[in-house]
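Observations on the model geometry
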Amino acid sequence: MLTGAGIAVLLLAVLSTFIGVSDVSPLSLLEGGPDGKAAQLLVVSRLPRTLALVLTGVAMSIVGLIMQMLVRNKFVEPSTTGTAESAALGLLVVTIFAPTLPLFGKMVVAAIFALAGTGLFLLILRRIPVRSIVLVPLVGIMLGGVIGAVTTFFAYRLDLLQTLGTWLTGDFSGILRGRYELLWLALAMTVIAWIAADRFTVVGLGQEFTTNLGLRYGRVLALGLTIVAVVTAIVVVTAGVIPFLGLIVPNIVSIAMGDNVRRSIPWVAVLGAGFVLACDIVGRLLRFPYEIPLGIVVGVVGSVLFLYLLLRRPSRAH
């Protein structure tokens, strides 16, 4: 079944590569040759965009799974815990004070802010006596709203609202060769997550249980939060915020396979890539030749699925 799902994702990737206003088809590639316009568009624009979509879908879905295990709640992910908004705040700060910083440096600053925002979210959760399934994501959404309001205020005062909008709306239309390569680092972080998958599974059972098994809860938590922060920062720097992606995909896999992280990660990766590719194809065809940003399509579909999951499985959500 996993092989079949992988083949389906590959077919979606091929379909996504050949969709666009310019004629990039197998026939045009054969007629134009390796130096033709179609071949240049394929190498410079279409293939990088497809790779960026796949890498983003894989990385953000796995990050959502890790965050749900760390927080022990099925309804959290970077866009519902203030992590993505904190990364955007970090980008705004570095744009104001160090606008010439290389892309990697901006990613590092965004990752630091994302890590701080996630840590603040966990600190707030520890001070809440009752952690219901609805209260936890609600706290994260409120925290993200406060951070987003602060970011928007300073962006407005400094005439950077348009720049901020590109970070908060996931859009892959501007992805070109040379502008997506940081996503390979995000893939490397997900490999680290797979290596430490058994530890994240144990951490999902609680701090006391983790300590009784001889694992250092703090170190595993720090590793997981670092992976979440770095991957979120990379995606925000490269394409912008993709809401609900890390929430929907892990929940669908969890319904079918349970909460074993090592067993779930391959399915989460494949389903995440397929979900992103499918939403991107819909966004590009719905108003062809115009394009709806991926973040909007994923946000609409994800919000509906989020409500469905919230109403469907309240007793198993924590």
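The coordinates are above.
This text gives an overview of the structure that appears in the document. (Residues numbered from 1 in each chain as written. Predicted model: local features only at pLDDT ≥ 70, side-chain atom pairs only at ≥ 80, totals over all residues. Heavy atoms only, no water.)

**Observations concerning the overall build of the chain**
As a reminder, the rule being used: Segments assigned H or I by DSSP are reported as helices when at least four residues long, segments assigned E as strands when at least two residues long, and all are numbered from the N terminus. In this setup the radius of gyration rests on C-alpha atoms only. A globule is expected at 2.2 Å times the number of residues raised to 0.38. Note on contacts: a residue pair is in contact if any heavy atoms of the two residues lie within 4.5 Å.
The number of helices and strands found in the chain is 14 helices and zero strands. Ordered by position from N to C terminus, the α and β elements of the chain give α-α-α-α-α-α-α-α-α-α-α-α-α-α. For 318 residues, the compact-globule estimate of 2.2 N^0.38 gives 20 Å, and the chain sits close to it at 20 Å. Partitioning the contacts of the chain with sequence separation of at least 6, the portion at a separation of at least 24 is 77%.

**Let's talk about the packing of helix α8 (residues 182-195) against helix α11 (residues 217-238)**
Put simply, the rule is: Axis lines are fitted through C-alpha atoms, for helices just across the contact stretch, and the angle between N-to-C directions can take any value from 0 to 180 degrees. Our angle categories are set so that under 35 degrees counts as roughly parallel, over 145 as roughly antiparallel, 65 to 115 as roughly perpendicular, and the remainder as oblique. The sense of a crossing depends on the near helix, which, turned anticlockwise from the far helix by less than a right angle, makes the crossing left-handed and, turned clockwise, makes it right-handed. Amino acids are sorted into nonpolar (Ala, Val, Leu, Ile, Met, Phe, Trp, Tyr, Cys and Pro), charged (Asp, Glu, Lys and Arg) and polar (every other residue, Gly among them).
Across the interface, α8 lies against α11 with an axial gap of 9 Å and an inter-helix angle of 160°. Considered as vectors, α8 and α11 are oriented roughly antiparallel to each other. Between α8 and α11 lies a crossing whose hand is left-handed. In contact with Leu182, Leu183, Leu185, Ala186, Met189, Ile192 and Ala193 of α8, α11 contributes Leu223, Thr226, Ile227, Val230, Val231, Ile234, Val235 and Thr238. Considering only residue class, the contact of α8 with α11 consists of 13 nonpolar, two polar and no charged.

**Here we look at unusual backbone geometry**
This is how it is decided: Whether a residue is buried, partly exposed or exposed follows from its accessible area with a 1.4 Å probe, protein chains only, as a fraction of its type maximum: under 20%, in between, or over 50%, in that order.
Pro289 follows Phe288 through a cis peptide bond whose omega is 10°. Summarising the element assignment, Pro289 is placed in the loop between α13 (261-285) and α14 (294-312). Even without being glycine, Arg72 reaches a positive phi, approximately 60°. As for its position among the elements, Arg72 is in the loop between α3 (37-71) and α4 (83-97). The partly exposed category is assigned to Arg72, whose relative accessible area is 45%.

**Description of the packing of α3 against α13**
The geometry of α3 relative to α13 is characterised by a closest axis approach of 8 Å and an angle of 135° between their N-to-C directions. When the interaxial angle is binned, α3 and α13 end up oblique. Regarding α3 and α13, the two cross each other, and that crossing is right-handed. Taking contact as the criterion, the partners of Arg46, Arg49, Thr50, Leu53, Val54, Gly57, Val58, Ser61, Ile62, Leu65 and Met69 in α3 are, on α13, Val261, Ser264, Ile265, Val268, Ala269, Gly272, Ala273, Val276, Leu277, Asp280 and Arg284. Of the residues in the contact of α3 with α13, the class split is 13 nonpolar, five polar and four charged.

**What about helix α6 (residues 135-157)?**
Short version of the rule: By this rule, a helix spans an expected 1.5 Å times one less than how many residues it contains.
Along its 23 residues, α6 runs 33 Å from first to last C-alpha, staying within 8% of the 33 Å computed at 1.5 Å per residue. Along α6, the residues that are buried comprise Val136, Pro137, Val139, Gly140, Leu143, Gly144, Ile147, Thr151 and Ala155. Of the surrounding elements, those touching the buried residues of α6 are α3, α4, α5 (103-126) and α7 (161-168).

**Description of the pattern of salt bridges**
Side chains bearing opposite charge may pair, as long as their charged atoms lie close to each other. To keep it simple, the criterion reads: Throughout this description, the term salt bridge denotes a Lys or Arg side-chain nitrogen within 4 Å of a carboxyl oxygen of Asp or Glu.
In total, this model carries four salt bridges according to the counting rule given. The partner of Asp198 in a salt bridge is Arg262, with the nearest N and O atoms 3.1 Å apart. Linking Asp198 in helix α9 (residues 197-203) with Arg262 in helix α13, this pair joins segments that are 64 residues apart in sequence. According to the relative accessible area criterion, Arg262 is partly exposed, its value standing at 25%. Linked by salt bridges that have partners in common, Arg49, Asp280, Arg284 and Glu291 make up one network.

**Remarks on the nonpolar core**
Rule in force here: Take the buried residues of types Ala, Val, Leu, Ile, Met, Phe, Trp, Tyr and Cys, join any two whose side-chain atoms come within 4.5 Å, and each joined set is a nonpolar core.
Phe121, Phe200 and Val231 are the most contacted members of the largest nonpolar core, which totals 86 residues. Judged by nonpolar contacts, the second largest core, of seven residues, contains Phe244, Leu247, Leu309 and Leu310.

**Some remarks on helix α1 (residues 2-17)**
So the rule is basically this: By construction, the arc corresponds to the directions joining the helix axis to the C-beta atoms.
Look at α1: 23 Å from first C-alpha to last across 16 residues, which is about the 22 Å you get at 1.5 Å a residue. Those residues of α1 that fall on the buried side of the exposure criterion are Ala5, Val9, Ala13, Ser16 and Thr17. Seen along its axis, α1 keeps its buried residues to an arc of 120°; they face one direction. Facing away from the buried side of α1 by more than 90 degrees, the exposed set consists of Thr3, Leu10 and Leu11. Buried residues belonging to α1 abut α3 and α13.

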